[in-house]
Amino acid sequence: MNYLDLAIDLKLANFNLNLTVKLSLSGITAIYGHSGCGKTSLLRCIAGLEDKFNGHVQFNSKMWQVGKTKLATHKRNIGYVFQEPSLFPHLTVKQNLFYGLNRKQTVNVSELEVQSILSTFDIADLLASYPSQLSGGQAQRVAIVRALLTKPNILLMDEPLAALDKARKNEILPYLVKLKTETKIPILYVSHSLDEISQIADDILLIDKGKLVDYGQLECVLANAEHQAVFADEVGCILTSEIVGYDEEYQILETSIAQSDFKLWLSTGSNAKQKQEQIKVRVKAKDVSISLNQPSDTSILNVLPARIVQLERQLQQSNCLIKLEIAGQFLFAQLTLKSVERLELKPEMKVWAQIKSTAILI
Ligand SMILES: Nc1ncnc2c1ncn2[C@@H]1O[C@H](COP(=O)(O)OP(=O)(O)OP(=O)(O)O)[C@@H](O)[C@H]1O
């Protein structure tokens, strides 16, 4: 198992990034926090692009940097993908892909490996095209393949989908999932979007104002009510559910919450998923309401028996965040204090959680 041991104290003009953490790099680790919290600065420290910090960066048993003594960036064998694909406009896709590789004599990529990466990202048919002939999504896939062909120890991705529209984002996300299952290259993925992160990440590192807030498995970190200040309007949990069927007439997916018989209906508009496939769905706290009795005359399809675990008053708001447990998984509901008092909600009470199908994000 790869790991990255970080102890970083970076002082910039008006900003201090100060964190100590050991990342066990398996799959995709998301780096999340408000704008200006230090996500890019952290990637720069890992890549060897910052000289001025105290502390160290260690990748497995290899020390990459201790204070000002550092291993040069090109010797760390890091893949870096930015918001913009930055392809050379006068070179074809094929020339762009191999430009960096030809200069890196140490990397030995077999023809089979090249074919496999090209096919994973479906770009074999684009090799003769010029960047101006590619869509934004295709260009970013080429940029990712270019980084992968160097056989990096680790892939750093800094908001790689931020410049794309929603359709192009949704087109690329499945490639990233394929990437982690097929290549095993650890990925650090900076993003502002919990929608993106929920679909691809295994772990998450939360940063606020240059400090580490939490690091751990995605579902656990999202379900921690203490992090509501960082997640703000996006606060919510991930439920794991298994696909049972698809209702063609109403275009709605029938799923069953893991380890239970409780149904979760999802309005997806397409039947792209396989039966028995496990999916993760993100449910925002503001899309969940609570009833004391099982409602029978509601439009809401998802009505689930739940236990109240915790009630947390939301800072600077007259709202309350209620943590609920459903078959061993967690869900947040955001209610007004007025509703909480009217229903006399308390920890350990048994209630019914209602989630609108149209609000669930997959
Ligand atoms: N070279 C620099 N000199 C001085 N301050 C800098 C420098 N680079 C970044 N900063 C400051 O460091 C802070 C963190 O910036 P950074 O780009 O790491 O944040 P971020 O979390 O990636 O932000 P965003 O999500 O908006 O991209 C910001 O306040 C920024 O203004």
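The shown structure was predicted, so the numbers you read here are calculated from the model rather than taken from an experiment. (Residues numbered from 1 in each chain as written. Predicted model: local features only at pLDDT ≥ 70, side-chain atom pairs only at ≥ 80, totals over all residues. Heavy atoms only, no water.)

J.: Where do I start with the pattern of salt bridges in this structure?
T.: Pairs may arise between side chains of opposite charge once their charged atoms sit close together. Scanning the entire structure with this criterion turns up 17 salt bridges. Put simply, aspartate 208 and lysine 209 hold a salt bridge, and the shortest N to O gap is 3.9 Å. The salt bridge partner of glutamate 254 is lysine 263, with a shortest N-O separation of 3.3 Å. A cluster of three or more residues bridged by salt bridges with shared partners is formed by Arg141, Asp165, Arg168 and Glu171. (Salt bridge = Lys/Arg side-chain N within 4 Å of Asp/Glu carboxyl O.)

J.: Can you walk me through the side chain of histidine 227 in this structure?
T.: Residue position: histidine 227 is located in the loop between helix H8 (218-222) and helix H9 (228-231). Within the local environment of histidine 227, its side chain forms a polar contact with the side chain of aspartate 214, the two groups lying 2.8 Å apart. Once residues within four sequence positions are removed from consideration, histidine 227 is found in contact with Leu206, Val213, Asp214 and Val221. (Helix = DSSP H or I, 4+ residues; strand = E, 2+ residues; numbered from the N terminus. Polar contact = N/O pair within 3.5 Å; in protein donor to acceptor, adjacent residues only side chain to side chain. Contact = heavy atoms within 4.5 Å.)

J.: Looking at this structure, how should I read the site of the ligand?
T.: Among the 13 residues in the neighbourhood of the ligand, the closest are listed as Ser35, Gly36, Lys39, Thr40 and Ser41. Lysine 39 is positioned such that a nitrogen or oxygen atom in its side chain is 2.8 Å from an oxygen atom of the ligand. Serine 41 places a side-chain nitrogen or oxygen 2.5 Å from an oxygen atom of the ligand. In isolation the ligand exposes 640 Å². Once the protein is present, 56% of that is buried. Among the elements that make up the shell around the ligand, the one with the highest residue count is helix H1 (residues 39-47) (three residues). (Near = heavy atom within 4 Å. Areas by Shrake-Rupley, 256 points an atom, 1.4 Å probe, with all protein chains shown as cover.)

J.: When you look at the domain arrangement of the protein in this model, what are you seeing that I'm missing?
T.: Much of the literature gives interface size as the accessible area that the parts lose upon coming together. As far as domains go, the protein holds domain 1 (2-231) and domain 2 (236-361). Listed per partner, the contact involves 11 residues of domain 1 and 16 residues of domain 2. Counting the surface lost from both domain 1 and domain 2, the interface buries some 1,100 Å², and carbon and sulfur atoms represent 55% of this. Counting across the domain 1 and domain 2 interface gives two salt bridges. The interface formed by domain 1 and domain 2 includes four residue pairs in polar contact (both at pLDDT 80 or more). Those elements that place two or more of their residues in the side of domain 1 that touches domain 2 are helix H7 (194-200) and H8. Broken down by class, the residue content of the side of domain 1 that touches domain 2 amounts to six nonpolar, three polar and two charged. (Domains from an automatic or database assignment. Buried area = accessible area lost by both parts, 1.4 Å probe. Nonpolar A, V, L, I, M, F, W, Y, C, P; charged D, E, K, R; others polar.)

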